[in-house]
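Coordinates in review
The lines below spell out each chain.
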Amino acid sequence: MGNRETHRAAVVEPTVDGTAHPPRPPKDASVTTRVSVEITDQALIVALCGPRNEHLRMLESETGVLIGQRGNQIQLQGPADDVAFVQRVIAEIVQSLRDGNEIGVNDVARAARMLRDHPEVHLKDVFHDVVLVSPRHRVIAPKGLAQKHYVESIRENDIVFGVGPAGTGKTYLAMAMAVAALTARKVKRIILTRPAVEAGEKLGFLPGDLAEKVNPYLRPLYDAMHDMMDLDKAQALIQRGSIEVAPLAFMRGRTLNESFVILDEAQNTTPEQMKMFLTRLGYDSQAVITGDVTQVDLPQGRKSGLSDAVHLLSGVEGIGFCTFTDVDVVRHPLVARIVRAYDHRDAAILRGRELHAEASAAAREIDVEP
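Just so you know, these numbers come straight off a predicted model, no measurement behind them.

**Looking at the layout of surface pockets**
One number sums up the size of the second largest pocket: a volume of about 520 Å³. Lining the second largest pocket we find 16 residues, and of these Thr294, Gln295, Tyr342, Asp343 and Asp346 sit closest to its centre. In terms of residue class, the lining of the second largest pocket is built from seven nonpolar, three polar and six charged.

Structure, rendered in structure tokens:
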């Protein structure tokens, strides 16, 4: 039969209220459809298309639909189902832009993937869940469904574990939630901590006293904090004790009341250290523990306290667990590919070890047969 092509002469306005979907496509998905989406606001169409139409090119790459722009019209051509889906993505992005959100090229890709995998979700329910507005008027909000669930879990639980690869926003969003809680006076102080475990280097070779030696390990926490508040204000809060940044060893023997506590790089804790940390939590406090179980820098043979806690505390009421994958990486797109490559390699090694163990067990069974 071959593909048939239909032309829609009428201009189709995108559904931008986030409640209704575009018209249903013909049941025959093999039909090639051409649709023009008109956007009368010039500023909106510029923001939608992006610099040099980068946003449209990304959406075209993600969906396979041919997308062009002429004046105030976005022209779509492709299979009916795909065109209808792109109409919905455009409608959702336009609504997000109208609500004052900035959309980058990677946000367009994430939006398309999220709406494809979770058609019941609306972008406004994710991208518009504002956690914090920085002094430079930068809106900090979830950039995907996993981050949305993470933020909700922090709001609902006193202890939350965020586990996943680098670049998924675990520490950054936890810091934003902490600053928001301190600003709203829900807590009296923020405590940021991480284990000072060497990643190939030895602390003894670093210059200075203990505080100066561990400061490089705490630098990422300072960086995130300074991105969310003025430097002078942050320094003033640190001097008053409203914000404390310290290595995990300094937590022993303390009771942390009315505090928002973040334990970063928790994969480098031992089970004993993790137990010590979790039992520091006092009244009106909450803790967020973040880490990547694939990047453990503990000595060979030492069990990670993060892996141990996730296994031991799963199902305990009041504790939330959020898992991120390479799909949730919000850094440079190459980061997701790097994480995926390492995960595939590690999975292949693990499978090889399992096959070797099975073969060895089978050989031993043969040896003991009479």
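The rest of the description comes next.
**Focus: the packing of helix 3 (residues 80-98) against helix 4 (residues 105-117)**
Two measures define how a pair of helices packs: the angle their axes make with one another and the distance between the axes. The contact between helix 3 and helix 4 brings their axes to 10 Å, and the two run at 125°. Relative to helix 4, the element helix 3 is oriented oblique. Between helix 3 and helix 4 the crossing geometry is right-handed. Judged by residue contacts, Phe85, Arg88, Val89, Glu92 and Ile93 of helix 3 engage Val108, Ala112, Leu115 and Arg116 from helix 4.

**So, the pairing of strand 4 (residues 73-79)**
As paired elements, strand 2 (residues 32-38) and strand 4 share seven bridges and run antiparallel to each other. Looking at strand 4, one finds that Ser36 is bridged to Gln75. As judged from the five bridges shared by strand 3 (residues 66-70) and strand 4, these two strands associate in the antiparallel manner. From the neighbouring strand, Ile67 faces strand 4, where its bridge partner is Leu76. Counting the residues in the hairpin turn of strand 3 and strand 4 gives two residues, including Gly71, whose phi is positive at 65°.

**Here we look at the sheet that holds strand 11 (residues 286-291)**
Overall, parallel pairing links the six strands, which are arranged 9-8-10-11-7-12 in an open sheet. Either end of the sheet is taken by a strand with one partner, and the two such strands are strand 9 (243-247) and strand 12 (319-323). Between one strand axis and the next, the sheet turns by 15° as a mean value, whatever way the strands run. Docked against the sheet, helix 10 (residues 271-278) engages strand 7 (159-163), strand 8 (189-194), strand 10 (259-263) and strand 11, running at close to 155° with respect to strand 11.

**So, helix 7 (residues 170-183)**
In a regular helix each residue adds 1.5 Å, so 14 residues correspond to 20 Å; helix 7 covers 20 Å between its end C-alpha atoms and thus fits that length. Across the 14 residues that make up helix 7, a large majority, 11, are buried. Considered for burial, the residues of helix 7 that qualify are Lys170, Thr171, Leu173, Ala174, Met175, Ala176, Met177, Ala178, Val179, Ala181 and Leu182. Trailing helix 7 by a residue or two, Arg185 shows a phi angle of about 60°, which is positive.

Criteria and thresholds
Residues numbered from 1 in each chain as written. Predicted model: local features only at pLDDT ≥ 70, side-chain atom pairs only at ≥ 80, totals over all residues. Heavy atoms only, no water. 1 Å grid on protein atoms, 1.4 Å probe; cavity = no way out; pocket = protein on both sides within 12 Å on 5 of 7 lines; lining within 4 Å. Points joined across faces, edges and corners; volume = space filled by probe spheres on them. Nonpolar A, V, L, I, M, F, W, Y, C, P; charged D, E, K, R; others polar. Axes fitted to C-alpha atoms, helices over the stretch in contact; angles between N-to-C directions. Helix = DSSP H or I, 4+ residues; strand = E, 2+ residues; numbered from the N terminus. Parallel < 35°, antiparallel > 145°, perpendicular 65-115°, else oblique. Left-handed = near helix turned anticlockwise from the far one by under 90°. Contact = heavy atoms within 4.5 Å. Pairing = 2+ DSSP bridges. Expected span 1.5 Å × (residues − 1). Buried < 20%, exposed > 50% of the residue type's maximum accessible area, 1.4 Å probe, protein only.

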